[in-house]
Amino acid sequence: MRMRHSLAAVAAFAAAGTIAVTAAGPAQASEYTSALKIKGVQYDAPGSDSNRCSGGNTKDEYLTIKNYSRTATVDLKGYVVKDATGNKFTFPATHRLEPGDYVKLRGGRGTDSDAGNVVYRQNCNFIWNNDKDTVYLLKPTATRADTHSYTKRANDTDGNGYISFHG
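Remember, it's a predicted structure, so these values are computed and weren't measured experimentally.

The rules we used
- Residues numbered from 1 in each chain as written.
- Predicted model: local features only at pLDDT ≥ 70, side-chain atom pairs only at ≥ 80, totals over all residues.
- Heavy atoms only, no water.
- Helix = DSSP H or I, 4+ residues; strand = E, 2+ residues; numbered from the N terminus.
- Buried < 20%, exposed > 50% of the residue type's maximum accessible area, 1.4 Å probe, protein only.
- Contact = heavy atoms within 4.5 Å.
- Pairing = 2+ DSSP bridges.
- Axes fitted to C-alpha atoms, helices over the stretch in contact; angles between N-to-C directions.
- Core = buried A, V, L, I, M, F, W, Y, C linked by side-chain atoms within 4.5 Å.
- Phe/Tyr/Trp six-rings, centres within 6.5 Å; stacked < 30°, edge-to-face > 60°.

Before going further, it helps to examine the overall build of the chain. Of regular secondary structure, the chain possesses two helices and eleven strands. Secondary structure elements in the chain, listed N-terminal to C-terminal, are α-β-β-β-β-β-β-β-β-β-β-α-β. For the chain, buried positions account for 38% of its 167 residues. Of all intrachain contacts in the chain linking residues separated by at least 6 positions in sequence, the fraction that spans at least 24 positions is 59%.

This part is about the sheet that holds strand E2 (residues 62-67). If you walk across this open sheet you meet the five strands as E8-E7-E2-E1-E11, and the pairing is mixed. Each edge of the sheet is formed by a strand with only one pairing partner; in this case those strands are strand E8 (118-120) and strand E11 (162-164). Strand-to-strand twist in this sheet, taken as the mean axis angle between neighbours without regard to direction, amounts to 25°.

This brings us to unusual backbone geometry. Not every positive phi belongs to a glycine, and Asn-117 is a case in point at roughly 55°. Locating Asn-117 in the fold gives a position in the loop between strand E7 (102-106) and E8. Judged by its relative accessible area of 12%, Asn-117 is buried. Although it is not a glycine, Gln-122 sits at a positive phi angle of roughly 55°. Its place among the elements puts Gln-122 in the loop between E8 and strand E9 (132-138). Given the relative accessible area of 36%, Gln-122 is considered partly exposed.

Looking now at the pairing of strand E10 (residues 144-151). Relative to E10, E9 runs antiparallel, the two being bridged by seven bridges. Across the sheet, residue Val-135 finds its bridge partner in E10, namely His-148.

So, on to the sheet that holds E9. Strands sit in the order E5-E4-E9-E10 across an open sheet of four strands; the sheet is antiparallel. The open sheet terminates on both sides in strands that have one partner only, identified here as strand E5 (88-90) and E10. Ignoring strand direction, the axes of neighbouring strands in this sheet form an average angle of 10°.

To continue, consider the nonpolar core. One finds Leu-63, Phe-91 and Trp-128 to be the most contacted residues of the largest nonpolar core, which totals 24 residues. Of all the secondary-structure elements, those providing two or more residues to this core are strand E1 (36-42), E2, E7, E9 and E10. A per-element tally of this core places E1 first, with three residues. In this view, Leu-63 contacts Ile-38, Gly-40, Val-41, Val-81, Val-103, Lys-104, Leu-105, Trp-128 and Val-135; residues no more than four positions away in its chain are not counted.

Now for the packing of aromatic side chains. Counted by the stated rule, this structure contains three aromatic pairs. Pairing Tyr-43 with Tyr-150 gives two aromatic rings, centres 4.9 Å apart and planes at 40°, and the pair type is tilted. With a gap of 107 residues between them, Tyr-43 in the loop between E1 and E2 and Tyr-150 in strand E10 connect regions that are remote in the sequence. For the pair Tyr-43 and Tyr-150, one class covers both residues: buried.

Locating Arg-109 in the fold gives a position in the loop between E7 and E8. The exposure class of Arg-109 is exposed, given its relative accessible area of 53%. Residues Arg-109 and Ser-54, 55 residues apart in the sequence, show an inter-C-alpha distance of 9.2 Å.

Shape is all these values report; function is a separate question.
The structure is reproduced here in structure tokens:
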């Protein structure tokens, strides 16, 4: 869990004599205004890592993106997902997420499906590091929609290779 505090905000609260109570919750990038959020990441695919396109397990590494809006449908075309070193995927086609809907962006090759809530990166290389990484979700305008950093040691308490960021 990660919380960011602005020193100026803390000083302002102290100067005003105001007590601020912050509820602990999942790590969130609340400074970004987007209906789309990174729900979670399967950063370590089950089994031994193999990036072979045939018989490998890159399809078992995935990122779940959810539309948390109650009213707006969001088109993923042009959205970018990338890691700390710049590996990236740009959603090339229209994929609409209705309010409350999600998509799993999987590694490997496959057929994208709106009905199956899946998009494949069409690349058999792993994107997420198994020890630590940063996951960026960028709008088509290149502004951040959501960002989360993780370390296996600090964030994956049950050791299953999956970290949840937004419930």
